[in-house]
Structures are given as structure tokens and as C-alpha cells.
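Here are the chains, one letter per residue:
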Amino acid sequence: MTQNMGSVDRGIRIVVGLVLIALVFVGPQTMWGWIGIIPLATALIGWCPTYSLIGVKTSK
């Protein structure tokens, strides 16, 4: 598992993940916000399984 995500990609995923998780507590308060764990986890690890499958690498 080598990193296949660049810093901009990781930053965007962290923001999107946190916003989605915040929706669980604020706003519509729906359980769908927990889906934000996926982009947050992939950003923290720096590896995206979908990128590996399709051969995309946004890191240097």
C-alpha cells in the first residue's frame, strides 16, 4: 500500500469528510453523514483503493 494521493487531494477529502460527519450533528441530522468516514480515512492513510483499481496516482 504505497501512497497514491497528493496533498491537495488529501486536503479536499479531509474537508469533505468532516463536513459530511458534521451533518450527523447539525443540519438535517441524518445518519447518511457517517459516509464521511470513508473520505476522511482514505485521506489520513493517503491511499485510495479506487485509485489503485483504475491506476490513478495524484501524488508526486
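These figures come from a predicted structure and were not determined experimentally.

(A) View of the environment of Ala43. Inspection of the secondary structure puts Ala43 in helix α2 (residues 37-45). C-alpha of Ala43 to C-alpha of Gly17: the two residues are 26 residues apart in sequence and 8.9 Å apart in space. If we skip the residues at most four places from it in the chain, Ala43 touches Met5, Arg10, Arg13 and Ile14.

(B) Quick look at the packing of helix α1 (residues 7-25) against α2. Close contact between α1 and α2 brings their axes to 7 Å; oriented N to C, the two are set at 150 degrees. With respect to each other, α1 and α2 are oriented roughly antiparallel. Read as a crossing pair, α1 and α2 show a hand that is left-handed. Along the contact surface, α1 presents Arg10, Arg13, Ile14, Gly17, Leu18 and Ile21, while α2 presents Ile37, Pro39, Leu40, Thr42, Ala43, Leu44 and Ile45. Looking at the contact of α1 with α2, its residues break down into nine nonpolar, two polar and two charged.

(C) Focus on a nonpolar patch on the surface. Taken together, the side chains of Phe25, Val26, Met31, Trp34 and Ile37 make up a nonpolar region of the molecular surface, amounting to roughly 540 Å² of accessible area. For Phe25, the position within the fold is in helix α1. Residue classification places Phe25 among the exposed positions, given a relative accessible area of 54%.

(D) View of the environment of Thr2. You can see Thr2 is positioned in the segment before α1. With a relative accessible area of 61%, Thr2 lands in the exposed category. Sequence separation between Thr2 and Val26 is 24 residues; the distance between their C-alpha atoms is 36 Å.

About the criteria used
- Residues numbered from 1 in each chain as written.
- Predicted model: local features only at pLDDT ≥ 70, side-chain atom pairs only at ≥ 80, totals over all residues.
- Heavy atoms only, no water.
- Helix = DSSP H or I, 4+ residues; strand = E, 2+ residues; numbered from the N terminus.
- Contact = heavy atoms within 4.5 Å.
- Axes fitted to C-alpha atoms, helices over the stretch in contact; angles between N-to-C directions.
- Parallel < 35°, antiparallel > 145°, perpendicular 65-115°, else oblique.
- Left-handed = near helix turned anticlockwise from the far one by under 90°.
- Nonpolar A, V, L, I, M, F, W, Y, C, P; charged D, E, K, R; others polar.
- Patch = residues over 30% accessible without salt bridge, like charges linked within 9 Å, V, L, I, M, F, W, Y side chains within 5 Å.
- Areas by Shrake-Rupley, 256 points an atom, 1.4 Å probe, with all protein chains shown as cover.
- Salt bridge = Lys/Arg side-chain N within 4 Å of Asp/Glu carboxyl O.
- Buried < 20%, exposed > 50% of the residue type's maximum accessible area, 1.4 Å probe, protein only.

Read these as geometric descriptors, not functional statements.
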